[in-house]
Amino acid sequence: MMNFHGTTILAVTFNGKVAIAGDGQVTLNNSVVKHHARKVRRIYNDLIAVGFAGATADALTLTEKLEKKLERYNGNLIRSAVELARDWRTDKYLRRLEAMMIAVDASQMLLISGNGDVIEPDEGVIAIGSGGIAAHAAATALLKHADALKLSVREILEESMKIAANVCVFTNDVICIEEFG
């Protein structure tokens, strides 16, 4: 069976700005089949951005479900994420979906999983996907020196994603960034 692999999604908050980035590579077994996939997109009147790792159809289904929750709860991201995670964990159909999601707005970022998790990070960095560990580590290090280096949140994301692309064969340096604030 052919398996699609890899993604890196990274969200960072710094100096009152929140941003999310995703790489563009799609890998089928040991071949790169796409370089410019868009794994980060805005939803809910462009007030929320989501990035996903996992099966694309599953991720898009979850994105649609999150947008419906946002409409129902007037854009309340935390409430919508909790309701989505609850449904995702308990619904017979949704439980089979294989994806993870990061959702951000102008003031917060959340990791949402099918295990019922809704996690807001302590240190202003969250990442998922095959290159997530490398991107997370790079962003954490850059944040510690961002003021001295005069880095913006966008520059932190760009450099962190480049580092992840250098160590993860399932991640490339073609990135999409959505920024708030």
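So, how was this worked out
- Residues numbered from 1 in each chain as written.
- Predicted model: local features only at pLDDT ≥ 70, side-chain atom pairs only at ≥ 80, totals over all residues.
- Heavy atoms only, no water.
- Core = buried A, V, L, I, M, F, W, Y, C linked by side-chain atoms within 4.5 Å.
- Buried < 20%, exposed > 50% of the residue type's maximum accessible area, 1.4 Å probe, protein only.
- Helix = DSSP H or I, 4+ residues; strand = E, 2+ residues; numbered from the N terminus.
- Contact = heavy atoms within 4.5 Å.
- Polar contact = N/O pair within 3.5 Å; in protein donor to acceptor, adjacent residues only side chain to side chain.
- Pairing = 2+ DSSP bridges.
- Axes fitted to C-alpha atoms, helices over the stretch in contact; angles between N-to-C directions.
- Parallel < 35°, antiparallel > 145°, perpendicular 65-115°, else oblique.
- Left-handed = near helix turned anticlockwise from the far one by under 90°.
- Nonpolar A, V, L, I, M, F, W, Y, C, P; charged D, E, K, R; others polar.

So, about the nonpolar core. Counting 21 residues, the largest nonpolar core has I48, L66 and I112 as the members making the most contacts within it. Contributing elements (two or more residues each) for this core: β7 (48–54), α1 (56–72), α2 (77–90), β8 (99–104) and β9 (109–112). In terms of residue count, the dominant contributor to this core is α2 (5 residues). Residues contacting L66, with those up to four places away along its chain left out, are I43, V50, S80, A81, L84, M101, A103 and I112.

This part takes up the side chain of S160. Within the secondary structure, S160 is located in helix α4 (residues 153–167). Overall, the relative accessible area of 0% leaves S160 in the buried class. A distance of 3.1 Å separates the side chain of S160 from the backbone nitrogen of A139, its partner in a polar contact. Here S160 is in contact with L10, A135, A138, A139 and L142, once residues within four sequence places are set aside.

If you trace the backbone, S107 turns up in the loop between β8 and β9. On the basis of relative accessible area, S107 is assigned to the exposed category, the value being 61%. Separated by 38 residues in sequence, S107 and K69 place their C-alpha atoms 18 Å apart.

Pairing between the strands of a sheet comes from backbone hydrogen bonds, and it takes one of two forms, parallel or antiparallel. Spatial ordering of the open sheet is given by β6-β7-β8-β9-β10, a layout of 5 strands whose pairing is antiparallel. Every interior strand has two partners, whereas the edge strands, β6 (40–43) and β10 (118–119), have only one. Most of the contacts of α2 go to β9, to which it runs at about 5°, and overall it touches β7, β8, β9 and β10.

Here the focus is the side chain of T140. Inspection of the secondary structure puts T140 in helix α3 (residues 132–149). For T140, a relative accessible area of 19% gives the class buried. When near neighbours in sequence (up to four residues on either side) are disregarded, T140 contacts E123 and V125.

Moving on: the pairing of β9. Burial along β9 is two-sided: M109 and L111 and L110 and I112, pointing in opposite directions, are all buried. Here β8 hands over to β9 after 4 residues, the two strands then running antiparallel side by side. The pairing of β9 with β10 spans 2 bridges and is classified as antiparallel. What sits directly across from L111, in β10, is I119.

For residues besides glycine, phi is generally negative; the peptide bonds are generally trans as well. Here the phi dihedral of N15 falls at roughly 50°; this positive angle occurs in a residue that is not glycine. Secondary-structure assignment places N15 in the loop between β2 (8–14) and β3 (17–23). The backbone phi angle of N45 is positive, close to 55°, even though this residue is not glycine. Note on placement: N45 falls in the loop between β6 and β7.

Right, let's talk about the packing of α1 against α2 for a bit. Relative orientation of the contacting elements α1 and α2 amounts to 130°, with a least axis distance of 9 Å. Viewed along their axes, α1 and α2 adopt a mutual orientation that is oblique. Helix-helix and strand crossings are classified by hand; for α1 and α2 the assignment is right-handed. Of the residues in α2, those touching α1 at L62, K65, L66, K69 and L70 are L77, S80, A81, E83, L84, D87 and W88. Looking at the contact of α1 with α2 residue by residue, the class counts come to 7 nonpolar, 1 polar and 4 charged.

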